[in-house]
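An overview of the molecular structure
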Amino acid sequence: MASKREQGVQHIKALKIGERISVRGLAHDLGISEGTAYQAIKTAETRGYVSTIERVGTVRVDPMPPAQLETLNYHALIQIINGVILGGEAGLNKVLHRFLIGAMTGDRMVPYITKDSLLIVGNREEIQRLALENGAAVLITGGLGASPEIIELANQKALPVLMTPFDTYTVASLINRALADQAIKHKIATVADIYIPLAQTKYLYSRQTVADYKRLNRNTDHSRFPVITQRQQLVGVVTSKDIFDYSGQTTLDKVMTATPATVNETTSLASVSHMMVYDGYELIPVVDSRLHLLGIISRQDVMATLDSHREPVQLNDTFYDQVVSNLKETIGGVYQLVVSPQMINQLGTISFGVLSELVVNACQRLLVTKMNRPSTIDQVDLHYLRLIQLDTELTITPVIMESGRHSAKLDVNVQQAGGLVAKAIVVCQLLEGHRGK
């Protein structure tokens, strides 16, 4: 039989999209305590059934598919544009694919209005109505409101009508930046892309015993398991080393490794790989912000995914991309570039941070070229010997001094026409998965 909290979650799930929910109302409807009702609402929020909206309250929404979690929805857009929701709350989890500005007459705009787009407009009610009737959300600029008729239509269509105090140019710039940022995030491989969800994860409870561990070990051939409480909060990890020399009746909370290393869904796979290689982990638990176990991520899956992303990801105009885009490889692992305006500091010389990024990028590229191994950076010891002016042509020459299975040390010379201008020692952590060409 389901717990009272789970009954509350299922009750919320059955509600009509757009219906408002309160702790007191849910407690009254189900005859449960307000504490249990609150827990049910929070659980429903975690599962994507409800969303809490400032100045509106908690609303039943249509959950987003997992593939859309890193895209821009209207709920997130409200925060970006300092907006207010006027109507259509049930559509706040819909994804913003594109936007257009309502500066033409209605008949000329119809071909440009597409489903799931956003129309930016002022107080032109006929254009607002046209957008909603054609499946587009509406953003009203200048702090202007919407008529009761428009709000009613938005509620019927489950399409958000938002209001922002900004002008059209400002809000269009904000949305453009947000869409570009989301595109960058979408291209970076994260834990959410590959982790094994809780339903397919083998785990143990803290009050289970060493005998339970041995039984699960025999049935799965795995030796490392997350340990959780009855509320599914992670409290430790247990391995074969932990249970050695303990009797079968010993509870796991007495032998497990407490406060283990964890990751969340947004952690990049590069970071996870570094943890696994550096600390020797074969498995890391995936948790949410309250340490509830969401699943696990394995070393084998991480390395296989990184191996499938051998080509560097081309991101959308990040600062890093701007800095290293002009660093060109010449013969024999030597890299050259000309110092451009975006690389300099207030004194007109190349900034220390930019120079560090260039040195690191040259080292990582050399390791891929010479050893076919991607890497992350453990340590950079950079000595900036002479000021490097704007328009200076630099030559960066990294040389591998030492290399092992998991790390490499490189000596780097940075030169201009007048001689040596900087020198660095860089220690890299080598990642697995690219050993063969």
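Labelled according to an unreviewed UniProt entry, the protein appears under the name DRTGG domain-containing protein, originating from Loigolactobacillus jiayinensis.

**Thoughts on the overall build of the protein**
When helices and strands are tallied, the protein shows 15 helices and 21 strands. Within the protein, the proportion of its 437 residues that are buried is 44%. Once local pairs closer than 6 in sequence are excluded, the contacts in the protein between residues at least 24 apart make up 56%. Total accessible area on the protein stands at roughly 22700 Å², and carbon and sulfur atoms take up 51% of it.

**Here we look at the packing of helix α6 (residues 125–133) against helix α7 (residues 148–157)**
It is the contact of α6 with α7, at a shortest axis distance of 10 Å, that shows an interaxial angle of 10 degrees. The orientation of α6 with respect to α7, classified from their angle, is roughly parallel. Contacts between α6 and α7 involve E125, Q128, R129, L132 and E133 on the former and, on the latter, E149, I150, L153, A154 and K157. Tallied by class, the residues present in the contact of α6 with α7 amount to four nonpolar, one polar and five charged.

**Here's the deal with the sheet that holds strand β16 (residues 328–329)**
The strands making up a sheet associate through backbone hydrogen bonding, with each pair oriented either parallel or antiparallel. Spatial strand order, β16-β17-β19-β20-β21-β18: six strands in an open sheet with antiparallel pairing. Whereas interior strands pair on both sides, the edge strands pair on one side only; in this sheet they are β16 and β18 (375–384). Of the pairings in the sheet, the one linking β18 to strand β21 (residues 419–430) comprises nine bridges and is antiparallel in character. If you follow V380 over to β21, its bridge partner there is V426.

**What about the environment of G88?**
Locating G88 in the fold gives a position in the loop between β4 (84–87) and β5 (98–101). Using a relative accessible area of 1% as the deciding quantity, one classes G88 as buried. As a C-alpha pair, G88 and L159 span 71 residues in sequence and 4.7 Å in three-dimensional space. Setting aside anything within four residues of it in sequence, one finds G88 in contact with A154, N155, A158, L159 and P160.

**Re helix α15 (residues 352–371)**
Taking 1.5 Å of rise per residue, the 20 residues of α15 would be expected to cover 28 Å, and the 28 Å separating its terminal C-alpha atoms lies within 8% of that figure. For α15, the set of buried residues is V354, L355, S356, L358, V359, V360, N361, A362, C363, Q364, L366 and L367. Lining the buried residues of α15 we find α14 (319–324), β17 (335–338), β18, β19 (393–403), β20 (407–416) and β21. Once α15 finishes, N372 follows within two positions and takes phi at roughly 55 degrees, a positive value.

**A word on the sheet that holds β5**
The strand order across the open sheet built from five strands is β4-β8-β7-β6-β5, with neighbouring strands paired in mixed fashion. Every other strand in the sheet has two partners, leaving β4 and β5 as the edge strands with one partner each. Neighbour-to-neighbour, the strand axes of the sheet open up by a mean angle of 25 degrees, direction not taken into account. Of the strand pairs in this sheet, strand β7 (residues 137–140) and strand β8 (residues 161–163) are connected by three bridges, and their pairing is parallel. Along β8, the bridge assignment pairs V138 with V161. Its contacts with the sheet place α6 against β6 (117–121), β7 and β8, and it is angled at close to 155 degrees to β7.

Rules behind the numbers
- Residues numbered from 1 in each chain as written.
- Predicted model: local features only at pLDDT ≥ 70, side-chain atom pairs only at ≥ 80, totals over all residues.
- Heavy atoms only, no water.
- Helix = DSSP H or I, 4+ residues; strand = E, 2+ residues; numbered from the N terminus.
- Buried < 20%, exposed > 50% of the residue type's maximum accessible area, 1.4 Å probe, protein only.
- Contact = heavy atoms within 4.5 Å.
- Areas by Shrake-Rupley, 256 points an atom, 1.4 Å probe, with all protein chains shown as cover.
- Axes fitted to C-alpha atoms, helices over the stretch in contact; angles between N-to-C directions.
- Parallel < 35°, antiparallel > 145°, perpendicular 65-115°, else oblique.
- Nonpolar A, V, L, I, M, F, W, Y, C, P; charged D, E, K, R; others polar.
- Pairing = 2+ DSSP bridges.
- Expected span 1.5 Å × (residues − 1).

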